[in-house]
Structures are given as C-alpha cells and as structure tokens.
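Overview (structure and organization)
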Amino acid sequence: MKIYVSRDMASVALGADDVAHAFAEAGCDVIRTGSRGLFSIEPLVEVEMADGRIAYGPVWPGDVAAVLDGSHVNRLGRIDALPFFAGQQRFTFARCGVIDPVCLEDYAATGGWKGLNAARALAPQAVVDVVKASGLRGRGGAGFPTGIKWQTVLDAPAGDKFIVCNADEGDSGTFADRMLMEGDPYCLIEGMAIAAHAVGAHHGYIYIRSEYPFAIYTMRLAIERAAQRIAPFTLEVREGAGAYVCGEETALLDSIEGKRGQVRAKPPLPALKGLFGQPTVINNVLSLAAVPFILAEGAEAYAGVGFGRSRGTMPVQLAGNVRHGGLYEIGFGITLGELVNDIGGGTASGRPVRAVQVGGPLGAYFPPSMFHLPFDYEAFAAAGGLIGHAGITVFDDSVDMAHMARFAMEFCAVESCGKCTPCRIGSTRGVEIVDRIMVARPSSQSVRAEPVEALSFSSRKEGPSTGSGRTGEGYIDKALYSRSPSRIDTSLDAQSDLLRDLCDTMKYGSLCALGGFTPYPVLSALDYFPEDFGLAKSVQEAAE
Amino acid sequence: MDEFIEGWTAQHGATRDQLLPLLHAVQEEAGHVDDAVVPVIAKALNLSRADVHGVVTFYHDFRRTPQGRHVVKLCRAESCQARGGAAIEAAAAQRLGVAMGQTRGDGAVSLEPVYCLGLCAIGPNALVNGRPVARIDGAALERIAAEVAA
C-alpha cells in the first residue's frame, strides 16, 4: 500500500520520521513528500486509494493499524476538499506536499520543465517581456518589478553575468522559502535556469541560511540530479553563517564573495555591478519559483489573479499564536481579518487576538481594528506597514507591546552589520529608551521606582558651564547653553517623543531595510498600543 | 589542521569567495575555529589575518571556543515568543543549568539563541543536536534534559 508522509522540517519536528518508520515496518511503500502546509494536522499521512489520496492527521506511530483499516478518528477524507486547501490558488506551491521533492520523474510528470522548455524556445528579450507582462514583483519585501530587474541585467554589457537566489530571508513568521526548497526544489532550479536564459548568465548561486539544514540538503541533492537538465547553466548552494543582514541583497553578495556581510551603498545597482562586480539578477526564492508557472501557463494566467498593482498569488504564512497555522497561497486582495480569523481560526490559545505582525521582525504590528486592510503592497504601505515576506504572526491579549518594541530594537542591535550609524548605534539607544519607558510606566512604577532614579542621568544633572570664565567669553553662544536641560526629562511623554525622533533618524538615515524598517514595529506598537507604554489611549481607539 | 585546509583548498579552490565554505568545513572538522587556524586560512586563501578574523567574528555561526557535547538551539524570535517562548527560554536555562549563549561548566551542553528556524506555526521550537523539536513545553524540556544528561 502506498503511503505519503511529509519530510518537511516542520513535520519532522512534530514526529513525522517516527510515523514514516512505523508504516515502513508494517510493510507499506512509504513516499516522503514536502508539506501540504497545514501544521495543525501534521504529522499528516495520506493513503493512496483507487479514487485518490485519503488523509489522516495528526497521526502517531501507534496509529498504523487504525489508519490502514480506515478506522482512525482523525480521518480527514480527501485532502483537497478540506476548507483550508479548497480556498487556495496554488500557482507556486502546486506540487508541494504532493510529490517526492527530489524525484525527477515526479517533477516532469506534474508539468515540470514546461516553463524552461517554453523559455528556451524564445529569444531572451521575449522571456523578459513575458515576465514583465505577468506583473510579477519581488516577493522578498520591496515589491520591485522582476521583469524590469531582468531587463537591466539583459541590457548590461558584460563578460559574465550571475543569477543569485536570496534564500536567506530569515524573517520570523515566514517559512515559505524553506517549504518550497524542501518540498519542490526543482521548481526553484527551473526558475533560475529560465532567468539565466533570459539574461545570458551561465552560473548561479543559491545562498541559503544555515538555520535551514533540511533545505540545504534537499537543494544540493536536487541540483546534482538536475545538472544535466539545466546545462549549460550551473548552480551551487552557498551556506550562510547566521547573519540576518545577509538577507539584504548587497550584504548577501559580499557574503558570497567571502567578506563580512555588510551592506553596499546603492547605486551601483547589483543588476549592473553585482556579484564579483558583474551584472547580477538577485531574486528571492518565491519570485524565482513563480517564473516556471508564468512561462508555462502564460503571463495572462498569472496577471489575471490579484488586486490593484499586486498581481498573481502570494504564499501567505500564518504563524505565531494561531489555531490553523501554515502556508496559504492565494491571490492578493484577501483581507488581513479573513486570513487571521477565517483561515487561521483565531488564536491557538483561544484568547482574543490583540496584535498581528505582518512582514517579519521589521513589519508593523496591527490591532484587530485594522483587519479590513486588503493584502496588497500599496494598501499596507499606506497604513504604515509592509507585506514583506507575507508572514503573519498572531499574538493574543497576553502580549506586552512595549516588550515587543524593545525586542525589535534589540534584534536590530544584535544583527546590525555596523556599516551605518543610525542602525548600529540607534538600535542600542532604542533599547535603552524602551527600557526607561518600561521602568517608568505605571504598571511597574511602584515596584521599580528606584531604578528610574538610578537611570535618570544624575551625573549629568548640572548643565555645562555657562561660560563665565574669561577665555571664550567672546564667542560662546550663551543662548545655546541656556537651552540645555539641567537634567534629562525621563517622563513617559518625553521618552516616547525621543523614541519617535530616533525612529525617524533610523528610517531616513539607514543604508538598508534593517535599520530603515525597524521603526515599523516600534512605531506601530507605540501608535496602536500606547497603553502598554503607559501612555494615554489614542483618540481613535477611545472612540471605539 | 594545516593538512586539512590544504586538502580542502586543493579540492574546492583557493579563491577568496571560498572563505565561508572553508570556515564551515573547519568548524565541522574541529568543532570551532581556533584563533591559531586563522593565519593558516589567511595564507591558504591569500588574505590578511585581519580579513579572516573580521569574517570569523562577524557571523554568529562561527565559534572561537569549543561547544558543549550537546547543543540546544532555542528560537527567540517573535513567532515563538507569541507561543510562550520567553517562559520556555527561562525554564530551559534553569533546567539545563546554563544561561542562554553559554556552555555549561562541565562542557555537557551549550544553550544557543537562534532567530527563526522557519517552524513558526508550531513554536516554541529548538534544534537539539541538529534535530528539530516543535511545541516545546515542560514535558518536551524534560526529554531534552534527559538527552543532554546522557
């Protein structure tokens, strides 16, 4: 009997290996797939029947007999009939969870290489035109049109060009890259081979974060097996070394070159002067993995789905304290509330949803009053947030938003590459300001009154000399000195003003998104959840 | 170690862009990147010692001192925090007898922070000796403690 069990890292973390072994020992033909993406039913077991696959989940090693005779209580029926899957539009993740990820026959039998064949029948410019017409925008966060980027590289004169896949997006709450690389690696390889044909590149790199060991293993195996199929294009995996900032494209290029992963100032764009100084296409996993569908099915099939200027589908990741967490691929335009409540089923703890962070550690925190927002790059930007990598992290009402704001600053301080001052120093000062706020806010004031005094810069109580001495009397601007405070104002209002000021500096003064976007979680926490900082509720919320 | 590095560069090339892969290989072989190895690597790839030192110290993955016999990497990121990660972090430090980011005095276990394993819907998560573990609670922590005591 044919049994399908996922080998995705998340499924394995929940015990899928033991389940697979139990079925193999019982004499079943066990096929390890990627994950379907609904983790509340993992470990998931699918049994091949005459009329399709019947799903059971969660299943534990002791459940083999009950699954095989069909009596198991967690019998879910046909997997594609479950509401979670029935509502999806799977363009990129169509094969994930269905096939053996590294089986070349399975890949070809499910439409694999159709896009590459179509692309190779076209001139490079025609391939770029198809990608442009699809409206595909970078799925890494900035949403830059992929076709325009490719056009720049195609037009650049050079001896050598490179395709680089950024598989180092380490945003908490996102796992689509990992799932795709583990569940359908040939899809990414095909997308990169198409990009290579489109711009005239011969070699490519997939830079994968070291936190994804399963993805690194699967991609290396898949590249080896697909080598002949994608020739003369060649590919290799480069393993990251635990630096979040290497998810930023220019830092990633430095890292491949064997340097500290520090951000390069742009221009020049990587499209013109990228890896080893050569024109380079650098795209995210999901952007490149969307390309085979576009070439195989046509630009219109992709562009026909979506909302406004956000075309095609987005693999949304429901994470954190959510009942039905997982990967949900759908066209843009679905609202935040539908995703969290209808599809995610609210919190896993059963308590009310208080905040959702969209777009990873650099994304804004939104309260349920913003759940009407449609999933769309422009709508989120207008609301002071970002879609980023489309991770949605749900928090229940036990969350302390001042703590989360502090964490955002702390994360930036730990991960800053150090190249620019607003990010390197601003983040450390940001942690200190939030610490002062947390100590001074009413809820903890009574118990921690002493530390407030200790932190209030008593040594700087006296302002500088007002210049009464003879030397310098003539040119010292007394007005300037008289403005300097006799002590730093540690009141909550003054500190929150200072925090906003600092965020402004980081936002406009940082070289890359790490320092530039850290203000999003901090300011949104301050704007939507002021009571957690000991500040008065906003007018808007008080009116509700 | 000199021989290992020589053999490695003979196989993979001795260009600057091989620095990260080489450091990974050295760490895999020796458990950590010892300061004494830095000049050897620098010479092998025709870099300055400062260059290599700068890279070793920049990336969180590279260690200059030996790790514990068991390694528990606990996720500290937002998604795991939303599922009680901070409490688990504190409990893990107490149960394993080692502070976050430290190796226990007897060398039995290192507790390291990791920022996201991509298992964000089933946290709090950890990598225990390379094996992913999800939905960590008190009972799971006891199993981890038993593993590192072995």
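Overview of the structure.

Let us now look at the packing of aromatic side chains. Under the criterion given, the structure shown has 23 aromatic pairs over all chains. Aromatic side chains A:Tyr107 and A:Trp113 sit 5.0 Å apart centroid to centroid with 75 degrees between the ring planes, which places their arrangement in the edge-to-face category. When sorted by exposure, A:Tyr107 lands in the same class as A:Trp113, which is buried. Through a chain of ring-to-ring contacts, the aromatic side chains of A:Tyr244, A:Phe407, A:Phe411 and B:Tyr115 assemble into a single cluster. Here the guanidinium or amino end of A:Arg53 rests over the ring plane of A:Tyr4, the centre of that ring lying 3.5 Å away. One cation-aromatic arrangement involves A:Lys507 over A:Tyr520; the distance from NZ or CZ to the ring centre is 5.3 Å.

All names here are of chain A. Across the sheet, five strands lie side by side as 2-1-3-4-5; this open sheet has mixed pairing. Each having just a single partner strand, strand 2 (29–33) and strand 5 (75–78) make up the two edges of the open sheet. Across this sheet, the average inter-strand angle for adjacent strands is 25 degrees, counted without regard to direction. Against the sheet, helix 2 (residues 16–25) touches strand 1 (2–6), strand 2 and strand 3 (45–49), its axis set at about 155 degrees to strand 2.

Residue and element names in this part refer to chain A. Going through the model one piece at a time under the given rule, you end up with 34 salt bridges over all chains. A salt bridge links Arg178 to Asp8; the shortest N-O distance between them is 3.0 Å. Here Arg178, found in helix 9 (residues 176–183), pairs with Asp8, found in the loop between strand 1 and helix 1 (9–13); they are 170 residues apart in sequence, far enough to count as distant. For Arg178, a relative accessible area of 0% gives the class buried. Taking the shortest distance from any N to any O, the salt bridge between Asp435 and Arg406 comes out at 2.5 Å. Of this pair, Asp435 sits in helix 18 (residues 421–440) while Arg406 sits in helix 17 (residues 401–415), placing them 29 residues apart in sequence.

Attention shifts here to a negative patch on the surface. Residues A:Asp489, A:Asp493, A:Asp497, A:Asp501 and A:Asp504 make up a contiguous surface patch of negative charge. Looking at the secondary structure, you find A:Asp489 in the loop between helix 21 (478–483) and helix 22 (492–509).

A few words now on the interface of chain B and chain A. Contacts between the two partners involve 36 residues from chain B, matched on the other side by 60 residues from chain A. Buried surface at the junction of chain B and chain A, both sides included, amounts to about 3600 Å², of which 59% is carbon and sulfur. Summed over the three residues of chain B that lose the most area to chain A, namely B:Phe58, B:Glu78 and B:Tyr115, the buried surface amounts to 20% of that side. Viewed at the interface, chain A and chain B are joined by two salt bridges. Here B:Asp17 and A:Arg238 are joined by a salt bridge, their closest N and O atoms 2.8 Å apart. Inspection of the region where chain B meets chain A yields 26 residue pairs in polar contact (both at pLDDT 80 or more).

About the cut-offs
- Residues numbered from 1 in each chain as written.
- Chains lettered and ligands numbered in written order.
- Predicted model: local features only at pLDDT ≥ 70, side-chain atom pairs only at ≥ 80, totals over all residues.
- Heavy atoms only, no water.
- Phe/Tyr/Trp six-rings, centres within 6.5 Å; stacked < 30°, edge-to-face > 60°.
- Buried < 20%, exposed > 50% of the residue type's maximum accessible area, 1.4 Å probe, protein only.
- Lys NZ or Arg CZ within 6 Å of the ring centre and 35° of its normal.
- Pairing = 2+ DSSP bridges.
- Helix = DSSP H or I, 4+ residues; strand = E, 2+ residues; numbered from the N terminus.
- Axes fitted to C-alpha atoms, helices over the stretch in contact; angles between N-to-C directions.
- Contact = heavy atoms within 4.5 Å.
- Salt bridge = Lys/Arg side-chain N within 4 Å of Asp/Glu carboxyl O.
- Patch = residues over 30% accessible without salt bridge, like charges linked within 9 Å, V, L, I, M, F, W, Y side chains within 5 Å.
- Areas by Shrake-Rupley, 256 points an atom, 1.4 Å probe, with all protein chains shown as cover.
- Lys, Arg positive; Asp, Glu negative; His and termini not counted.
- Charge placed at Lys NZ, Arg CZ, Asp CG, Glu CD.
- Buried area = accessible area lost by both parts, 1.4 Å probe.
- Polar contact = N/O pair within 3.5 Å; in protein donor to acceptor, adjacent residues only side chain to side chain.

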